[in-house]
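Reading the structure
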There are 2 protein chains.
Amino acid sequence: MYLKPSARLAIYAQGEFGKGHSKTAEGVIRYARNPIAAVIDKSEAGNSVKSAVGIDCPAPIVASIEDALQHKPDALLLGTAWTGGHMPESWREDIITALENGLDVVNGLHDFLADDPKIVSVAHEHKKLLLDVRRPPDNIPVAAGLARHVKAFTVLTVGTDCNVGKMTTSLELWKEAKNRGIRAEFIATGQTGIMIAGGSGIAIDRVIGDFMAGAAEQMVVEAAKDHDLILVEGQGSLAHPGFSGVTLALMHGSAPKAMILCHKATKKWICELEDFPLPELTQLIKMSEAIVDYVSPAKVIGVAINTVGLTDDEAKAVIERARKETGLPCTDPVRFGAAQLVDAIQTAKENYK
Amino acid sequence: MYLKPSARLAIYAQGEFGKGHSKTAEGVIRYARNPIAAVIDKSEAGNSVKSAVGIDCPAPIVASIEDALQHKPDALLLGTAWTGGHMPESWREDIITALENGLDVVNGLHDFLADDPKIVSVAHEHKKLLLDVRRPPDNIPVAAGLARHVKAFTVLTVGTDCNVGKMTTSLELWKEAKNRGIRAEFIATGQTGIMIAGGSGIAIDRVIGDFMAGAAEQMVVEAAKDHDLILVEGQGSLAHPGFSGVTLALMHGSAPKAMILCHKATKKWICELEDFPLPELTQLIKMSEAIVDYVSPAKVIGVAINTVGLTDDEAKAVIERARKETGLPCTDPVRFGAAQLVDAIQTAKENYK
């Protein structure tokens, strides 16, 4: 079970909001159906969400969990990761304060709240939920290529790196497809996507190696029963030394019929590792098509460029350059809308044999 | 901790010995330093190990755990997987009998004995070890491409499928390299390899997605401290719909400087999935080299062909055909020795810049 769509969220991003590691906080603010009661970050307290992260959202930024309680939240959502191996004591105290004040807690980290005996006992005492969205279900099968046989048209986002906009692109495609009356489903494969999708989805990167592809396969086969277009949130990058295995498992497990390549204009290095330059778009397109082909013959049919930090003119120039380089429809779906890319999907669907 | 090298093993392969799913049993019999006391399989009881699986081993095949006790084993090693979701009651009874009779139990399955309260309590009472070799260590980091900077020459086996001989090939290369006086290390990445390597290694397929490559990286960096040649046991296949993610994580995490392609002559389908033909050797070589290159520029420098089930003449013909097709040194290292492949590694090492 998950939160009600009406549950008001206090977003916990202490010291990190808009600092480059608040992807979960920003994704939830931008896309979740739940209203935002407040954002907690003492380094940005008093500023607007718009000024901190560029998203229109009327919720205030406050300094502490105690201040957030004034805005009547129903749940605390952990919107950043801590650094280092263990949860800081200040986080634990804030989570306990939240539970004691009647809030459920939503957590997308690899470490589960339900494994912390103190937090569990407080949650139990106050009859509050601890939602560890990254905990995978039991009994995921090994993938056997079943997703390639579904009737629905499956589109996977792939990327030049992690944190370039694969989830955002899949969500923008989903919104645009639904506006056009297409029976489209978004499949969440990461913690933020799951929070946005109201609790459905599996965090593939938290699944045991042998079963990652099976998790993706299972979700696509299930979604295909009552949808015509399936938009699968991609993970990582084939070029990422740490996460490429997750990326490939998702490619082979979801067996897409088309892919959208996602890229962030201002990135130079894979996950800030300065001896890993980002791959060339055309080279990554070629590699993605060649390797997905073992399971499903899919082409990259469009490019989504995250132009955050650029002016409109700079963004247009970057997009135009990528269009020339790849010969594919390119846009920034957040800045300029996803219409072009959904057009490309509809054309690909008509031409798919 | 693990078993003493002198611990005598009873290999549990009830109903499965030599039937195609006793890879662990056969690998341990062929390569482990521990003496084999007996093999347990009532369907083969009284036959020789040689007639059942083609390996020279004087241990008897007996019908039951009780019969095996006559041969003074120190440990019971589970040498096959059960079919279906739960451990059969007959296995549990046999494991408990083994513990009650003073045997430790070694288990390579995804399900851990230490999670079974009844088995744990019997083991505790009799002060016996439960060795779940697939349980990964805590605190594995995310890979950051560190293994590509080691001075040692790392060689990874890759395959056209799982169960084609990647572990066996790495072990044969290791034996041959050590015979030549090379400071070589074998890195186990699967349950059988770990049992053979005396308990060291990490079962990559049991690691959570985000940390698979990190596990490989950590082992290579550690082994490189006092070895010149590192032979990494490969897993799965880039062409396998269920396991390709594990394969790629291992490729990028271990950052090999050369690869050996492994293939089984009589296989036609990926893991018996009859809509997945095995990839062509040349095509898989090209793909492996292209994708490992994101982290480490490595070439496939030889091919190991598992010719089990063929006559010597048939085996030679298959090997000759692969040699012509790929232009690389090819052999069956079990049937004809690994000398050619170790020659190829030494040449590659000299030419590596």
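The following refers to the structure shown. As the structure is a prediction and not an experimental result, all values here were calculated from the model.

Scoring rules and cut-offs
- Residues numbered from 1 in each chain as written.
- Chains lettered and ligands numbered in written order.
- Predicted model: local features only at pLDDT ≥ 70, side-chain atom pairs only at ≥ 80, totals over all residues.
- Helix = DSSP H or I, 4+ residues; strand = E, 2+ residues; numbered from the N terminus.
- Rg over C-alpha atoms; globule rule 2.2 N^0.38 Å.
- Buried ≥ 20, exposed ≤ 12 C-beta atoms within 10 Å, placed from the backbone.
- Least-squares fit on C-alpha atoms with pLDDT ≥ 70 in both.
- Contact = placed C-beta atoms within 7 Å.
- Nonpolar A, V, L, I, M, F, W, Y, C, P; charged D, E, K, R; others polar.
- Pairing = 2+ DSSP bridges.
- Axes fitted to C-alpha atoms, helices over the stretch in contact; angles between N-to-C directions.

1. Side note on the overall build of chain A
Along the backbone of chain A there are 13 helices and 12 strands. Against the globule reference of 20 Å for 353 residues, chain A gives a C-alpha radius of gyration of 20 Å, in line with a compact fold. Overall, chain A is about 55 × 50 × 45 Å in size when its C-alpha atoms are taken along their principal axes. When the 353 residues of chain A are sorted by exposure, 57% land in the buried category.

2. Details of the relation of the copies chain B and chain A
Once turned by 180 degrees and shifted 0.0 Å along the axis, chain B lies on chain A with an RMSD of 0.0 Å. The operation mapping one copy onto its partner corresponds to a two-fold rotation axis. A shared binding surface is used by both copies, with 97% of the interface residues of chain B retained as interface residues in chain A.

3. Some words on the environment of Ala13(B)
Residues and elements named next belong to chain B. Here Ala-13 is to be found in the loop between strand 1 (9-12) and helix 1 (23-31). Residue classification places Ala-13 among the buried residues on the basis of 26 C-beta atoms within 10 Å. As a C-alpha pair, Ala-13 and Ser-43 span 30 residues in sequence and 9.8 Å in three-dimensional space. If we ignore the near neighbours within four places in the chain, the residues touching Ala-13 are Ser-22, Ala-25, Val-39, Ile-40, Asp-41, Gly-79 and Thr-80.

4. Focus: helix 9 (residues 244-254) of chain A
The buried fraction of helix 9 of chain A is high, at 11 of 11 residues. Burial in helix 9 of chain A covers these residues: Ser244(A), Gly245(A), Val246(A), Thr247(A), Leu248(A), Ala249(A), Leu250(A), Met251(A), His252(A), Gly253(A) and Ser254(A). Residues of helix 9 of chain A that are buried in the fold lie against strand 7 (153-159), helix 8 (212-223), strand 9 (229-232) and helix 10 (281-292) of chain A together with helix 8 (212-223) and helix 9 (244-254) of chain B. Phi turns positive, to about 50 degrees, at Ala255(A), one or two residues after helix 9 of chain A.

5. What to know about the interface of chain B and chain A
Residue-level contacts link 35 residues of chain B with 35 residues of chain A. With 6 residues, the top contributor of residues to the side of chain B that touches chain A is helix 9 of chain B. Of the residues in the side of chain B that touches chain A, the class split is 23 nonpolar, 8 polar and 4 charged.

6. Considerations on the sheet that holds strand 9 (residues 229-232) of chain B
Residues and elements named next belong to chain B. The 6 strands lie next to each other as 8-9-7-10-11-12, forming an open sheet whose pairing is parallel. Edge positions in the sheet fall to strand 8 (184-187) and strand 12 (330-331), since each has one partner strand and no second. Sheet topology places strand 10 (residues 258-264) next to strand 11 (residues 299-306); 7 bridges connect them, and they run parallel. The residue of strand 11 that forms the bridge with Met-259 is Val-300. Against the sheet, helix 8 touches strand 7 (153-159), strand 8 and strand 9, its axis set at about 160 degrees to strand 8. Across the face of the sheet, helix 13 (residues 339-351) comes into contact with strand 7, strand 10, strand 11 and strand 12 while running at roughly 175 degrees to strand 11.

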